[in-house]
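# Close look at the chain arrangement
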2 protein chains.
Amino acid sequence: MKRRDILTAAGVGLAATALAGCQKQTETACEQQSTGQTFNWKMVTSWPKNFPGVGVGAERFAKLVEEMSNGRLKIKVYAAGELVPALEVFDAVSRGTAEMGHGAPYYWKGKVPAAQFFCALPFGPNAQEMNAWLHKGGGIQLWEEVYKPFGVLPMACGATGVQTAGWFNKEINSVDDFKGLKMRTPGLGGEVLTRMGGTVVNMPAGEIFTALQTGAIDATEWIGPYNDLALGLHKAAKYYYTPGWQEPNVTFELDVNIKAWETLPADLQAIVRAAARDVNGDMLDDYNARNMEAMETLKKEGVDVRRLPDEVLAKLREVAAEVVDATAAADPVATKVWEQQKAYLQRLSDYAEVNERDIYNIRRS
Amino acid sequence: MKRRDILTAAGVGLAATALAGCQKQTETACEQQSTGQTFNWKMVTSWPKNFPGVGVGAERFAKLVEEMSNGRLKIKVYAAGELVPALEVFDAVSRGTAEMGHGAPYYWKGKVPAAQFFCALPFGPNAQEMNAWLHKGGGIQLWEEVYKPFGVLPMACGATGVQTAGWFNKEINSVDDFKGLKMRTPGLGGEVLTRMGGTVVNMPAGEIFTALQTGAIDATEWIGPYNDLALGLHKAAKYYYTPGWQEPNVTFELDVNIKAWETLPADLQAIVRAAARDVNGDMLDDYNARNMEAMETLKKEGVDVRRLPDEVLAKLREVAAEVVDATAAADPVATKVWEQQKAYLQRLSDYAEVNERDIYNIRRS
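Residues numbered from 1 in each chain as written. Chains lettered and ligands numbered in written order. Predicted model: local features only at pLDDT ≥ 70, side-chain atom pairs only at ≥ 80, totals over all residues. Heavy atoms only, no water.

Strand order in the open sheet formed by six strands is 8-7-9-6-10-12 (chain A), with mixed pairing between adjacent strands. Each end of this open sheet is capped by a strand with a single partner; those strands are strand 8 (199-200) and strand 12 (304-307) of chain A. (Pairing = 2+ DSSP bridges. Helix = DSSP H or I, 4+ residues; strand = E, 2+ residues; numbered from the N terminus.)

What follows is the structure in structure tokens.
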């Protein structure tokens, strides 16, 4: 093993290019510039290779950091399963297997129940509200506090915006239609379904299509038209229901191992933060544009797009409120987060009555 | 004048700190690293010093760039009037008086009528829709094309989100109440007011309060609760009307002189782009959080917050559509932009029916 390989293996290497112009005797002096050190980091993700939307966003993050740092911080992106499985991203960053990770906070709810509140809540915040809470309403500070014992620094790094309610092979006309419904829907939405009399079946993305086609499940939600179209779900289900009450948004996270973070000079830390913020906005723009386009495609292909009846949505909302409160109550850290977040989101929602919501309504009335 | 001063005056200096570690004979080699050159740039803005929201965003942009570049690109921010007046920011960047500028695109509508379409439209896009169009729907490409003949590269760099309809000393109960109304309201909203029989009076921010108090004007719109509270407008008007139909969002722009831009190495260009994108999101988060808080404060102080009647909003929407179409038709470049933008925004709005708008509604129904 060459010296350079050893350093790289440790996640820190010397930038051959940056030193190329310097003569032997001044190499040390040049190295001491904050610009003289190269970091080769690994980022594990929860996404398959080239996964639309969120996977593209993770790649964009790594590319931006490399460009801005002129190659001083290189991040190799690993798809789910390449280094660690999709749901072990947080653990891998926590123990230092990788310096960085990209995933959805609620994937590690088994270890960190409070993580769900930084991610998605049924009938909860949309992307804009989640961003206001995180960045200006105390959310990020709570998130950092919650992850600190695990040695992980979180940043918001992407959002899906409003999702869809999912693909169904049974019509939903009343609350009773959820009784006995076998549906693939993880997280808090799944808990709501269970309380409505349904049966939650969980499975990885690759198995959903066949399960739906063979009738092993009656319904599934995935993300939104952009990702759903890519998975071909419209070829295995009769009805596409809206709106995505279970996830008005999912916020994704960049995880950074805190010990690794502390080895970065201030300029590289600033670059990582800005790249995460760039992707946080860019991914939402991507989803908003591509979901719209994909929905048009699905309609052209004859998909039967339906809205859940008001009566059903009202019941789902009632049950969802119970589920979210109960989830928070089951964990002291989650209780603290939800207490602050719930009050703040209520204030944002009250204000939306006279601006954001009203603008949507007056343009179409 | 010393050599260093001459270089600085030209906007390009050698980074003394970056070179400190290098011995005389290798100075040239170190300089040749993309990291070896320091740029001292000026950014003129349309904002008073420490102006809440948008002014804070401009300062954030400069700070981020300096941090990320480790001081290689230093941007001195000038308030409106310090180097050039508020409305001459675009001109100053175009002729190279300053390398950068920060303002609102519609401020230069006299020179570039199409600029308005990248900024704000009555009953037009909210921040989320404007961002999707700009970054994923072809908007930015059109914007760059429109500004190129002026030697200016534009980037989206901040958004207000939904504004308010403004402060009134006369009640608005019907469309007839706009007849004879003297109101400070610039831009396309002002054109709508004129067609409704009102009289548009324009004046700088510093004169609004007195004009409202003395009755020289009957009404004014400014931005939203956050900025309006800072200006004390609630102490000079009886009614605060919502929603901000005239500006569901204002997007701000970073202007870069193209010749100056081309002197930046690729890493600094990437840093500027990411900093603009960071501010684009952060400023919206800031407005969403602070507007909500300021509205609470205004209500506590007894402000009479009212919603414009549906009948009035319907008429305003009808007239606004005429105004926007006529504005586009009056300029061939604007015609091209609006043709593409109008179709795209309609598609986004159609899709919002089954997601974003519906989520706002089902949470409160």
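Now for the relation of the copies chain B and chain A. Overlaying chain B on chain A yields an RMSD of 0.0 Å, the required transformation being a rotation through 180° with an accompanying axial translation of 0.0 Å. The symmetry that links the two subunits is that of a two-fold axis. It is B:Asp278 whose C-alpha, among those of chain B, lies nearest the rotation axis, at 2.7 Å. A symmetric contact is evident, with 100% of the interface residues of chain B recurring at the interface of chain A. (Least-squares fit on C-alpha atoms with pLDDT ≥ 70 in both. Contact = heavy atoms within 4.5 Å.)

A few words now on the pairing of strand 3 (residues 73-78) of chain B. Residues and elements named next belong to chain B. Examined bridge by bridge, strand 2 (residues 37-45) and strand 3 share six bridges and lie parallel to one another. If you follow Phe39 over to strand 3, its bridge partner there is Leu73. Remark: the strand 2/helix 4 (residues 54-68)/strand 3 crossover connection has right-handed handedness. (Right-handed = clockwise from strand over helix to strand, strands pointing away.)

This paragraph deals with the UniProt feature "binding site: substrate" (unreviewed entry) in chain A. All names here are of chain A. According to UniProt, the "binding site: substrate" (unreviewed entry) feature falls on Gln163, Arg184, Glu221 and Glu247. Mapped onto the elements, Glu221 comes out in the loop between strand 9 (219-220) and helix 10 (225-231). In this view, Glu221 contacts Gln163, Thr164, Ala165, Gly166, Met183, Arg184, Thr185, Pro186, Gln246 and Glu247; residues no more than four positions away in its chain are not counted. Mapped onto the secondary structure, Glu247 falls in the loop between strand 10 (239-242) and strand 11 (251-257). Glu247 has contacts with Tyr106, Ala120, Gly161, Val162, Gln163 and Glu221, leaving out every residue within four places of it along the chain. (UniProt positions renumbered as here; feature names shortened; annotations may be inferred.)

Between side chains of opposite charge, a pair can form when the charged atoms approach closely. Residues and elements named next belong to chain A. Applying the stated rule across the entire model yields 56 salt bridges over all chains. With its nearest N and O atoms 3.9 Å apart, the salt bridge here joins Lys170 to Asp218. Linking Lys170 in the loop between strand 6 (166-168) and strand 7 (182-184) with Asp218 in the loop between helix 9 (205-214) and strand 9, this pair joins segments that are 48 residues apart in sequence. By relative accessible area, which is 10% here, Asp218 ends up buried. With its nearest N and O atoms 3.6 Å apart, the salt bridge here joins Arg195 to Glu322. On the criterion of sequence distance, the pair formed by Arg195 in helix 8 (residues 187-195) and Glu322 in helix 13 (residues 310-329) is long-range, its members being 127 residues apart. Arg195 sits in the partly exposed class, given a relative accessible area of 43%. (Salt bridge = Lys/Arg side-chain N within 4 Å of Asp/Glu carboxyl O. Buried < 20%, exposed > 50% of the residue type's maximum accessible area, 1.4 Å probe, protein only.)

Looking now at the packing of helix 15 (residues 356-364) of chain A against helix 14 (residues 332-352) of chain B. It is the contact of helix 15 of chain A with helix 14 of chain B, at a shortest axis distance of 11 Å, that shows an interaxial angle of 110°. When the axis of helix 15 of chain A is compared with that of helix 14 of chain B, the two are roughly perpendicular. Here helix 15 of chain A contributes A:Tyr360, A:Arg363 and A:Arg364 to the contact with helix 14 of chain B, which in turn contributes B:Gln346, B:Ser349, B:Asp350 and B:Ala352. Class assignment for the residues of the contact of helix 15 of chain A with helix 14 of chain B results in two nonpolar, two polar and three charged. (Axes fitted to C-alpha atoms, helices over the stretch in contact; angles between N-to-C directions. Parallel < 35°, antiparallel > 145°, perpendicular 65-115°, else oblique. Nonpolar A, V, L, I, M, F, W, Y, C, P; charged D, E, K, R; others polar.)

All names here are of chain B. Reading across from one edge, 8-7-9-6-10-12 is the order of the six strands in this open sheet, with mixed pairing throughout. If you trace the sheet from one side to the other, it starts and ends with strand 8 (199-200) and strand 12 (304-307), each paired once. Across two bridges, the pairing between strand 6 (residues 166-168) and strand 9 (residues 219-220) is antiparallel. The residue of strand 9 that forms the bridge with Phe168 is Ala219.

Counting 238 residues, the largest nonpolar core has A:Phe61, A:Leu254, A:Leu316, B:Phe61, B:Leu254 and B:Leu316 as its most contacted members. Each of domain 1 (8-16 + 36-161 + 250-288) and domain 2 (166-248 + 304-364) of chain A accounts for three or more of the residues forming this core. If near-sequence neighbours (up to four positions away) are discounted, A:Leu254 is found in contact with A:Met43, A:Phe61, A:Met100, A:Gly101, A:His102, A:Leu153, A:Pro154, A:Met155, A:Cys157, A:Val272 and A:Ala276. (Core = buried A, V, L, I, M, F, W, Y, C linked by side-chain atoms within 4.5 Å. Domains from an automatic or database assignment.)

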